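In case you want the letters, here they are:
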Amino acid sequence: MALKQISSSKCSGELQKVFEHVSVELNCKMKFAVYLPPKAETGKCPELYWLSGLICTEQNFISKSGYHQAASEHGLFVIAPDTSPRGCNVKGEDESWDFSTGAGFYADATEDPWKTNYRVYSYVTEELPQLINANFPVDPQRTSIFGHSMGGHGVLICALKNPGKYKSVSAFASICNPVLCPWGKKAFSGYLGKDQSKWKAYNATHLVKSYPGSQLDILIDQEKDDQFLLDEELLPDDFIAACTERKIPVVFLLQEVLARIS
Amino acid sequence: MEEESGEELGLDRSTPKDFHFYHMDLYDSEDRLQLFPEENTRMRKEVVQAEMANESTGVGDGNAQRDLREEVEELVHLHGLEDDHELGDEFVDENMPRMGVSEYPPYGLKRRDPAREQRDWRLSGEAAEAEDLGFGGWGSAGQCQDLREVYRYTHGRASEEYECYVIPEEEDEEEAADVFCVTCKTPIRAFQKVFDEHKEHEVIPLNEALESAKDEIHKNMYKLEKQIIDMENFANHLEEVFITVEENFGKQEQNFESHYNEILETLAQKYEEKIQALGEKKKEKLEALYGQLVSCGENLDTCKELMETIEEMCHEEKVDFIKDAVAMADRLGRFLKTKTDVEISAQPDFEDQNLDFSDVEQLMDSINTIPAPSAPVINPQAPNSATGSSVRVCWSLYSDDTVESYQLSYRPVQDSSPGKDQAAPSPPIIKTKEIRSCEEAVLICWESGNLNPVDSYTVELTQAESPEASGVTESVVGIPTCETLVQLQPGQSYIIYVRALNMGGPSVRSEPATVHTIGSYFRLNKDTCHPWLTISQDGLMIVRSERSTPTREPPPRDTHFTRCVAVMGNLIPVRGHHYWEVEVNEHFDYTVGVAFEDVPKKEDLGANCLSWCMRHTFASLRHKYEFLHNGTTPDIRITVPPKKIGILLDYENSKLSFFNVDLSQHLYTFSCQLHKFVHPCFSLEKPGCLKIHNGISMPKHVTFY
C-alpha cells in the first residue's frame, strides 16, 4: 500500500513525519504521524502506538504533548493514528463531537451507515501495524500501546483482545466501562446497534472478565479533579474491580494534576 | 522546526525520465510563425498545456508554438518564482485573439537549466498558439479548478501567484478538450479521435490523465524531499568541518603564540641581564677610580700640609727650627717613602660582551615541534593498590598533550627497620556478620585482637577463583582504625584477611572472610530494632509475634524505634545502585522503604521527610497500598498484591522504585533528594514477618528505571 509523505519536521535530531495512505479497512485516505528517533538510523526500534481521544486527529499528540525528548532518549518509534475515518461523506457524521468523526471509539461498526468506514479497531490492530512494520525500522516483537480518554479505552481493548501483542499498556484518564457511560452508550448504539450484548466485545471491563490471562502490565493514570471522571464518563473503579478479581496486574494512579491533551 | 512541504520548485539535474516537460524555446521564438492563423484561433484552446498537469512542481505551462506540419522539438523552461510577474503580462497579451501571424511576445521565462532533460512533443495536428501561459486556454472551468488545486497543493506560495492568472474563458467550453491522447500526450476533443493523427492512438479520459499527472507530481515531490534531506545533511556536515577548521586554527594559533612569547621573554631577559652586568662593571670601575681619586686627594692634602708646616718652620727661631727640622726630616722621609700609586686602577674601556643567543636559537628551532607535555599528576595512592613488594601508581595528564611514553622512577623514602625487641601483634578478628557490600565496594570491620594498641592494620584481598597460589594479593596498608571501605570489581568473589602491625612487624593473617560483589548486601541493625521485633540469627528475617509486649522490655535507647515497630538495615555508604527484595505475605500489614540514619525513631516510617516507604494494609478483605513520604501518598490502587517486593535505590538519579518481582511489574517511583546516605527500613504494623533477600543483581526490567 502506497505511503504518501505529507510533512516532515526535524526536531533536535529526530524526525516527525506525517503520512497519508488509502486505508482498506476504513475505505478512505487516512493520515498518521510517526516519530523517528535518532536510533532509527542505525537499528530497529521498539514501536509505541498512541491512541488519541475524542475530537483529536493525528496532530494533537505530536504538537501538544512534548513527548519527543523522552522518545528520543529511549529510542522509541512512536505512531499516532487519526481517531476516525475522514471525508467519507457518511450522513450525520458531523452532527456530534462525541460520535463518528473524531470519535471512532476504536471499534468495528456493524450498523449502517457506519460499517463501511468505521472499522478503527481493525485499522489500529491490523492494517496500520502491518503498514508500519513493512515500511519503517521497527521491531514488531517490542510493541506497546498507550492512549488518552477514548484512546485510553482503545488501548485497553486492543490489549485485552490481543493477549501477548503488547509489552506494556498505559492509559491516561481513560474511559474504562463505556457501556455504562453516556459517551459509550451513544457510540455503541450507533456503531453496534441496540443489542447490548454486542457491546461487550468492545468494552474493557467485560473483556477483562474473560481475559485468558497471558502476561499484561497495565498502568492507568487519572487526574483526581477530572471533570469527566466526576461526570461518570470514565468509570475506572469498575475496571479496577474486575481486574482485581481476575488478578490482572494493574497499577492505577490517581494524581492531583494531570494535563489533558486535546 | 523547519517545514518542508514541497515548496521547492526547482528540479535538480537528475530528474528521472518520467517527468514530462514542455519545451519552450525562448530565444528562437520569433522564428516560429503561425502558418494557419484561422486555425490558430480556433485551436488556441487546444492547449498542450493540458500537459501541465503532468508536469512536475512549478513547471510553467506554455504551448509550444509549432508548425502544423512539422514536428519540432522545443524546450520548456520551468518558471522561476521571479518570473511570475512576467507571466502576468503575458497572459494579458495572450488572451486577446490573434489573427494572422503574430510575433511571440517574448516569454518571461528563464532558461532554468540547460542540462534539463528534453522531450519530444508531438502535438495534435493543429498548431497551438504560442505562449498561452498558465491556465488560460484551459478547457472547462472545472478542469481549471482541478489544476488550480493541484498547483495550490504542490506549489504553495507559487500557486497563489498563479491563481490570479487563471482566467476562465467561457467561450472555451464548447471547444473543451475532454479526452487525453496518450500517444501524443495532449488533450484533444473527443471527436478528434477520428482524425487521422489520433485514429490509432490510445485515448483516455482527461480525468484519468489528471490523476496520473498528480501522481507523478507526488512521486517527484518525494524525491525532492529526499534531496532536501541529503543536502541538509551535507550542509550540517560542512558546518561541522567548518567548526573543526576553526578549532584547529585556534590550537595552532595558541601553540605559536606561546612559543613566540617564550622566545620574546627569553630575549628580554637576556637583555636585562646583560645591561645589568654592564652596569655593575661600570660601577666597579667608577668606584675604583673614585677610590684612587680620594687617596690622591689625601696625598695632596698631606703634601700641602707638610709644605705649609715646613714654610712655617722656616720662619721660626733657630733653636725651634733645628728641633722641628729634624722631626720634619723624619716625617718627610717616611712620607716620601710611601709609594704613591699613580697607575689608574680602572680602565675606561669595557670589554666586548659575548652575547650568547644559543638558547634563543634553540627556541626558534623548536617552534614547529610538538610542545613537550606538561608534567603528569600522580593520583594519591588508592586503597588496595599496594602489596609488600609492589605498588600501583596512577596518574593523569592534560588532554592537550601529545604523549608517546612515560617514564616512571622511584626511590625508597624510608628504611623500615624492625623493632628489635618488640613482638609482632596478634591477628585481628573480622566481624563477618557486619560486612556490608555492594557491586563496587565492601565495608569491613574487625576487632583488634590485641590488648596493646597497634600502629596500623593491613587488609589483604584475593579474588576467590585464584587462591593464594597464583592470584594477586592486593593490600590496603596503613589503616588506622578497625574498619575500612575497599573498592572492588563487580560480579566477583573475594577472600579478605586483616593483619595488625606494630614496631615488631605484622601479625599473621586473620581468619578469612568472603565477599561477593553481586547486588547489595546488608544486615539488620539490632541497635535500631523496636523491642517487639525479633531478628533471626542470619539477620535477614524480621518477626513480630502475637504477644504485644515481651516479658521484659529493656529501656529504649535513642537508636531504637519506639513508636513504629521497625528496624533498619546497615547499607554500605556508597552511592550508585542498590537493589534488594522483601518477601511479604499479602495478609500482613507491613511497610518497607528507606530512611536516613537520623530518622526520628519516635515517628512512623513515611510520616516525615527523612523516610520514603511503601505501606500495605489489609483490612476488610481489601488491599490498600500507600507510598508515603512526609505523611502524604498518591492515591494508588494495585490489582494484584505483590508477594515479593523489589526495591531499587538509585543515588545518581535520586530515585527509589518499588516492583512486584514475580510479575516484573513496576509499582511506583519516588524522586528523592538523597544528600546523605540512607538505609533500608522495615516495619510490621501487625504481627507477621518479613524476609529479606539481598545480594541479588538487578533484574532486567528494573534496569529501565
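Residues numbered from 1 in each chain as written. Chains lettered and ligands numbered in written order. Predicted model: local features only at pLDDT ≥ 70, side-chain atom pairs only at ≥ 80, totals over all residues. Heavy atoms only, no water.

Peer 1: Is there a simple way to explain the overall build of chain B in this structure?
Peer 2: Counting its regular elements, chain B contains eight helices and 29 strands. Of all 705 residues assigned to chain B, the portion counted as buried reaches 41%. By sequence separation, contacts in chain B at least 24 residues apart represent 70% of the contacts at least 6 residues apart. Approximately 40,600 Å² of chain B is accessible, and the part contributed by carbon and sulfur atoms is 53%. (Helix = DSSP H or I, 4+ residues; strand = E, 2+ residues; numbered from the N terminus. Buried < 20%, exposed > 50% of the residue type's maximum accessible area, 1.4 Å probe, protein only. Contact = heavy atoms within 4.5 Å. Areas by Shrake-Rupley, 256 points an atom, 1.4 Å probe, with all protein chains shown as cover.)

Peer 1: Is there a simple way to explain the side chain of Ser 507 of chain B in this structure?
Peer 2: Checked against the element boundaries, Ser 507 of chain B lands in the loop between β14 (505-506) and β15 (513-516). The contacts of Ser 507 of chain B, once residues within four sequence positions are left out, are Pro 425, Ser 426, Pro 427, Pro 428, Arg 499 and Ala 500 of chain B.

Peer 1: Before we go on, may I ask you to explain the interface of chain B and chain A in this structure?
Peer 2: Interface size, as often reported, equals the accessible area lost upon joining of the parts. Taken together, the 24 residues of chain B in the interface contact 23 residues of chain A. Carbon and sulfur atoms make up 52% of the surface buried where chain B meets chain A, a total of about 2,100 Å² over both sides. Counting every contact that joins chain B to chain A gives one salt bridge. One salt bridge connects Arg 637 of chain B with Asp 237 of chain A, and the closest N-O pair in it is separated by 2.6 Å. Summed over the shared surface of chain B and chain A, the result is six residue pairs in polar contact (both at pLDDT 80 or more). Among the elements of the structure, β1 (3-4), α5 (206-314), β24 (635-638) and β27 (665-671) of chain B are those that each provide at least two residues to the side of chain B that touches chain A. Sorting elements by how many residues they give to the side of chain B that touches chain A places α5 of chain B first, with six residues. In the side of chain B that touches chain A, the residues fall into eleven nonpolar, six polar and seven charged. In the sheet, strand β9 (residues 250-255) of chain A pairs with β24 of chain B via four bridges, with the strands oriented antiparallel. (Buried area = accessible area lost by both parts, 1.4 Å probe. Salt bridge = Lys/Arg side-chain N within 4 Å of Asp/Glu carboxyl O. Polar contact = N/O pair within 3.5 Å; in protein donor to acceptor, adjacent residues only side chain to side chain. Nonpolar A, V, L, I, M, F, W, Y, C, P; charged D, E, K, R; others polar. Pairing = 2+ DSSP bridges.)

Peer 1: Would you take a moment to explain a nonpolar patch on the surface for this structure?
Peer 2: All names here are of chain B. On the surface, Ile 378, Val 391, Val 393, Trp 395, Leu 397, Tyr 406 and Leu 408 cluster together to form a nonpolar patch covering roughly 640 Å² of accessible area. Relative to the assigned elements, Leu 408 resides in the loop between β6 (395-396) and β7 (429-430). Its relative accessible area of 58% is what places Leu 408 among the exposed residues. (Patch = residues over 30% accessible without salt bridge, like charges linked within 9 Å, V, L, I, M, F, W, Y side chains within 5 Å.)

Peer 1: What is the right way to read the pattern of salt bridges from this model?
Peer 2: Pairing is possible between side chains of opposite charge, provided their charged atoms come close. All names here are of chain A. Taken as a whole, this structure holds 16 salt bridges over all chains when the rule is applied. Between Glu 25 and Arg 119 there is a salt bridge whose closest N-O contact spans 2.8 Å. Of this pair, Glu 25 sits in the loop between β2 (14-23) and β3 (28-36) while Arg 119 sits in the loop between β5 (77-81) and α3 (120-135), and the two are 94 residues apart along the sequence. Overall, the relative accessible area of 26% leaves Arg 119 in the partly exposed class. One salt-bridge network, in which partners are shared between bridges, spans Glu 25, Asp 108 and Arg 119.

Peer 1: For this particular structure, what's the right way to read the nonpolar core?
Peer 2: One recurring pattern in soluble globular proteins is that nonpolar side chains are buried together. The biggest cluster of nonpolar side chains holds 74 residues, and the ones touching the most others in it are Phe 32, Ile 132 and Phe 239 of chain A. Formed by 41 residues, the second largest nonpolar core is a distinct cluster that contains Phe 522, Leu 533, Ile 645 and Leu 684 of chain B. (Core = buried A, V, L, I, M, F, W, Y, C linked by side-chain atoms within 4.5 Å.)

Peer 1: Explain the confidence of the model for chain A here, please?
Peer 2: Atom-level detail of predicted coordinates should not be read off regions where pLDDT is low. Taken residue by residue, chain A gives an average pLDDT of 84. The fraction at 70 or more is 96%. Between the elements of chain A, mean pLDDT differs from a low of 79, seen in helix α7 (residues 227-230) of chain A, to a high of 91, seen in strand β4 (residues 45-51) of chain A. (pLDDT = per-residue confidence, 0-100.)

Peer 1: Can you walk me through unusual backbone geometry in this structure?
Peer 2: Glycine aside, a negative phi is what most residues show, and trans is what most peptide bonds show. Residues and elements named next belong to chain A. Here the residue pair Asp 112 and Pro 113 is connected by a cis peptide bond, since its omega of -5 degrees sits within 30 degrees of zero. By secondary structure assignment, the location of Pro 113 is in the loop between β5 and α3. Notably, Asn 27 is not glycine yet its phi reads approximately 55 degrees, a positive angle. One can find Asn 27 in the loop between β2 and β3. Judged by relative accessible area, Asn 27 falls into the partly exposed class, the value being 48%. A positive phi angle, close to 45 degrees, is found at Ala 173, a residue other than glycine. Counting through the fold element by element, Ala 173 comes out in the loop between β7 (169-172) and α5 (182-192). Classification of Ala 173 by relative accessible area gives buried; the value is 4%.

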